Amino acid sequence: MNNQKHNWTLEGITSLYNRPFLDLVRLAQDVHLRHFKLGEIQVSSLISIKTGGCPEDCSYCPQAARYHTDIEKHSLMKAEQVMELALRAKAQGASRVCLGAAWREVKDGSDFDRVVDMVKLISNEGLQVCCTLGMMNENQAIRLKEAGLYAYNHNIDTSEEHYSKVISTRSYGDRLETINNVRKAGVTVCSGGILGLGETIDDRLKMLQNLSAMNPHPESVPINTLVPVKGTPLENQGAVDIEELVRMIATARILMPTSFIRLSAGRLGRSLSEQTLCFMAGANSVFSGEKLLTTMNPAEDIDEKMFVTLGLTKITPAEVHATF
Ligand code: SAM
Ligand code: DTB
Ligand code: SF4
C-alpha cells in the first residue's frame, strides 16, 4: 500500500500546471517538504560505457548511427576502466552512477555478461548503480538485480501521440513493456522525458499523466530539455522557456510527491537563478560531471559553487537507500 495517486485526469493536471506561477511553485514546495528535507539533493554521474552506432532513429539523439554527428564512438568499455570512472565520481560526491549504452536492446552474450560484472563491482563500492541499456526482458532484469542493480533508466520521453513523430523504430508500448520487466525484477524505475521535441504542452502533461499512472511511481523522474546536436533531425529546435520548465517540474513534484525529480540534460545553458527556480519547484536531483553521455554538462567546480551558494547538501548512498 502507498498513498500515491495514479488516476490523475488530464484536466486535473492541466489546471495544476496553469495555476498562477508563484502559487504553483508554493504548492510544489509544500508537497516537496512533506517528503524530503529542504536542500537535500541526490547526485548521479553518467558513464557512457558504449557510445554511438545505435540502430534506433530517435531524432534527438547524437548516438543514432544514421545521423552524422561529431561524437567519439567506442565499443563496450572494459569493466576496470568503468570502475575507475565510478570511483572518481564517488570521490566527487556522487551517490549513484548511471551506465549508459547506445543499444537498441540488451542481447544475451559476452557484452551483457561484462555489464553484469560492472554492476557487481560498482555496487560493492557502496554506490547505487543505474543502467540504461535500451529494451530488456525480465530475465535480463533479474540478472542485473542479482548483480546489485539499484535502478534502470528507460524514459517514455513524451506523450504516446508525439512519440511516433520522434522515433519510428520502436513504440511507446515497447518502452512500457521494458519498464514493467524492470519492476517485476524488483529494480527501481527511473523514467521521465525530454522537453523541446516540438511537442505541445498537452503532450508534456500527458507524459506526466502516464508517469504518474505507473504503480508505484518511478522512483526517479529525469526531466531533460533537449540538447540540440548538429546532424540530428532536431538540431534547429529552439530552447525551452524557463517558465515552462519550472511549471513542468512543479507539476511533476505534485503528481509524484515521493519521487526524485531530476533536473537532467540541458542544465549547461541555464543560469544559477534559472536552476534555483527549478530546485524551488521541487527538483531534488541532478546529473553531475562535465559530460552527460556525449554532450557537455556544467563543470564540477561550477556545480560545487552552486551547491554551496544554495545550501544544497548531497545525499549519501546510505541515505538514499533509507528513503525507499
Ligand atoms: N539507448 C538507451 C535508451 O534509449 O533507453 C539508453 C541511452 S539513451 C541516450 C538515454 C536517454 O537520453 C534517452 O531516453 C533520452 O531521453 C536522453 N537523450 C538522448 N539524447 C538527448 C538529447 N540530445 N537531449 C536530451 N536528452 C537526450
Ligand atoms: C536521462 O534521462 N538523461 C541522461 C540519462 N537519462 C541517461 C542522458 C542525457 C543525454 C544527453 C545527450 C548526450 O549527452 O548524449
Ligand atoms: Fe539509441 Fe538510446 Fe540514442 Fe535512441 S536514445 S538512438 S535508443 S542511444
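Analysis parameters
- Residues numbered from 1 in each chain as written.
- Chains lettered and ligands numbered in written order.
- Predicted model: local features only at pLDDT ≥ 70, side-chain atom pairs only at ≥ 80, totals over all residues.
- Heavy atoms only, no water.
- Phe/Tyr/Trp six-rings, centres within 6.5 Å; stacked < 30°, edge-to-face > 60°.
- Buried < 20%, exposed > 50% of the residue type's maximum accessible area, 1.4 Å probe, protein only.
- Lys NZ or Arg CZ within 6 Å of the ring centre and 35° of its normal.
- Near = heavy atom within 4 Å.
- 1 Å grid on protein atoms, 1.4 Å probe; cavity = no way out; pocket = protein on both sides within 12 Å on 5 of 7 lines; lining within 4 Å.
- Sits in = over half its atoms within 2 Å of the grid points.
- Nonpolar A, V, L, I, M, F, W, Y, C, P; charged D, E, K, R; others polar.
- Helix = DSSP H or I, 4+ residues; strand = E, 2+ residues; numbered from the N terminus.
- Expected span 1.5 Å × (residues − 1).
- Contact = heavy atoms within 4.5 Å.
- Points joined across faces, edges and corners; volume = space filled by probe spheres on them.
- Axes fitted to C-alpha atoms, helices over the stretch in contact; angles between N-to-C directions.
- Left-handed = near helix turned anticlockwise from the far one by under 90°.
- Polar contact = N/O pair within 3.5 Å; in protein donor to acceptor, adjacent residues only side chain to side chain.
- Parallel < 35°, antiparallel > 145°, perpendicular 65-115°, else oblique.
- Core = buried A, V, L, I, M, F, W, Y, C linked by side-chain atoms within 4.5 Å.

A. Summary view of the packing of aromatic side chains. The final tally for this structure, using the stated rule, is two aromatic pairs. Seen from their ring centres, Tyr-163 and Tyr-172 are 5.3 Å apart, and the 70 degrees between their planes marks the pair as edge-to-face. Judged by relative accessible area, which is 2%, Tyr-163 ranks as buried. By relative accessible area, Tyr-172 is classed as buried at 4%. The aromatic ring of Trp-8 is capped on one face by Lys-5, whose charged end is 4.1 Å from the ring centroid.

B. Up close: the site of ligand 3. Contacts to ligand 3 come from Cys-54, Glu-56, Cys-58, Tyr-60, Cys-61, Ala-64, Ala-102 and Arg-170. Placement of ligand 3 is best described as lying within the largest cavity. Looking at the shell around ligand 3 residue by residue, the class counts come to six nonpolar, no polar and two charged.

C. Representation of helix α7 (residues 172-184). Here α7 is 13 residues long and its end C-alpha atoms lie 19 Å apart, about the 18 Å a rise of 1.5 Å per residue gives. For α7, the complete set of buried residues consists of Tyr-172, Arg-175, Thr-178, Ile-179, Asn-181 and Val-182. Considering only its buried residues, α7 is in contact with α5 (138-146), β4 (151-153), α6 (160-166), β5 (188-190) and α8 (201-213). Following α7 by one or two positions, Gly-186 adopts a phi angle in the positive range, close to 80 degrees.

D. Highlighting empty space enclosed by the protein. The final tally for this structure, using the stated rule, is two cavities of 30 Å³ or more. Here the largest cavity is characterised by a volume of approximately 830 Å³. Tyr-60, Cys-61, Gln-63, Asn-155 and Leu-293 are, among the 37 residues lining the largest cavity, the residues nearest its centre. Sorting the residues of the lining of the largest cavity by element identifies β2 (96-101) and β7 (220-225) as the ones contributing at least two each. Across the lining of the largest cavity, the residue classes tally to 20 nonpolar, twelve polar and five charged. Looking at the second largest cavity, its volume works out to about 40 Å³. Lining the second largest cavity are Gln-92, Ser-288, Glu-300, Asp-303, Glu-304, Phe-307 and Lys-314. Considered class by class, the residues forming the lining of the second largest cavity number one nonpolar, two polar and four charged.

E. Spatial organisation of the packing of helix α1 (residues 10-17) against α8. As a packed pair, α1 and α8 sit with axes 10 Å apart at the nearest point and diverge in direction by 115 degrees. In this structure, α1 crosses over α8, and the sense of that crossing is right-handed. Facing Leu-10, Ile-13, Thr-14 and Tyr-17 of α1, the residues of α8 in contact are Ile-201, Asp-202, Leu-205, Lys-206 and Gln-209. Looking at the contact of α1 with α8 residue by residue, the class counts come to five nonpolar, two polar and two charged.

F. The arrangement of the site of ligand 1 in detail. In the vicinity of ligand 1, 19 residues are found, and the nearest of them are Tyr-60, Asn-155, Asp-157, Arg-175 and Val-227. Taking Tyr-60, its main chain carries an N or O atom lying 3.0 Å from a nitrogen atom of ligand 1. Within the side chain of Asn-155, an N or O atom sits 2.9 Å from an oxygen atom of ligand 1. The pocket occupied by ligand 1, as judged from atoms lying within 2 Å of grid points, is the largest cavity.

G. Spatial organisation of the packing of α1 against helix α9 (residues 242-255). At a closest axis distance of 9 Å, the pairing of α1 and α9 adopts a crossing angle of 130 degrees. The pairing of α1 with α9 is recorded here as oblique in orientation. Handedness of the α1/α9 crossing: right-handed. Judged by residue contacts, Ile-13, Leu-16 and Tyr-17 of α1 engage Glu-244, Arg-247, Met-248, Thr-251, Ile-254 and Leu-255 from α9. Class assignment of the residues belonging to the contact of α1 with α9 gives a composition of six nonpolar, one polar and two charged.

H. Structural context of the nonpolar core. Ile-49, Tyr-60, Leu-99, Leu-133, Leu-144 and Tyr-152 are the most contacted members of the largest nonpolar core, which totals 88 residues. Broken down by element, this core gets its largest block of residues, eight residues, from α9. Among all residues touching Leu-133, those that are not within four sequence positions of it are Ile-49, Leu-99, Ala-101, Trp-103, Glu-105, Val-106, Val-115, Leu-144 and Tyr-152. Core analysis: the next-biggest nonpolar cluster, separate from the first, contains eight residues, Cys-130, Tyr-150, Ala-151 and Phe-287 among them.

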